[in-house]
Amino acid sequence: MAQLPKFLIADDPVTDPENEYIFHTQSPRFFAKRVEEDEETAYIDIVHEIDNVEEFFKNAPEKKAELLEQLEDWYYSYMEWLEDDGEEEEDEE
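None of these values were measured; they are calculated from a predicted model. (Residues numbered from 1 in each chain as written. Predicted model: local features only at pLDDT ≥ 70, side-chain atom pairs only at ≥ 80, totals over all residues. Heavy atoms only, no water.)

(A) Expanded view of the environment of Phe30. With respect to the helices, strands and loops of the structure, Phe30 is situated in strand S3 (residues 30-36). In sequence terms Phe30 and His48 are 18 residues apart; their C-alpha atoms lie 5.7 Å from each other. Excluding residues within four positions of it along the chain, Phe30 makes contact with Ile22, Phe23, His24, Ile46, His48, Glu49, Ile50, Val53, Leu67, Leu68 and Leu71. (Helix = DSSP H or I, 4+ residues; strand = E, 2+ residues; numbered from the N terminus. Contact = heavy atoms within 4.5 Å.)

(B) Structural detail: the side chain of Lys33. Looking at the element boundaries, Lys33 is found in strand S3. A distance of 2.9 Å separates polar atoms of two side chains, one belonging to Lys33 and the other to Asn19. Apart from residues no more than four positions distant in its own chain, Lys33 is found in contact with Asn19, Glu20, Tyr21, Ile22, Tyr43, Ile44, Asp45 and Val47. (Polar contact = N/O pair within 3.5 Å; in protein donor to acceptor, adjacent residues only side chain to side chain.)

(C) Representation of the sheet that holds strand S2 (residues 16-24) in the model. Read from one edge to the other, the open sheet built from four strands follows the order S1-S2-S3-S4, with strand pairing classed as antiparallel. The sheet is open, and its two borders are formed by strand S1 (7-12) and strand S4 (42-49), each paired with just one other strand. If you compare each strand with its neighbour and ignore which way they point, the axes differ by 35 degrees on average. (Pairing = 2+ DSSP bridges. Axes fitted to C-alpha atoms, helices over the stretch in contact; angles between N-to-C directions.)

Set out below in structure tokens:
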């Protein structure tokens, strides 16, 4: 079986249309999402753990921060890709 990508987008437009989740497929596995505190403040945070994240990073908490930074960079690259893809579709019409 091929190795899964490190991050995957997961959403449920039927029962939870307002949220889009990011699934970290490698250990420690978890779901995260973009949390908006207000119009100016947003961040990526873990919202559900499959594996115990704190236990996994107990001897290297800086690695957890590094992973969340990678996840955030990936997510914002994904968002840019969505915008660019939407612009290309408009140009084709």
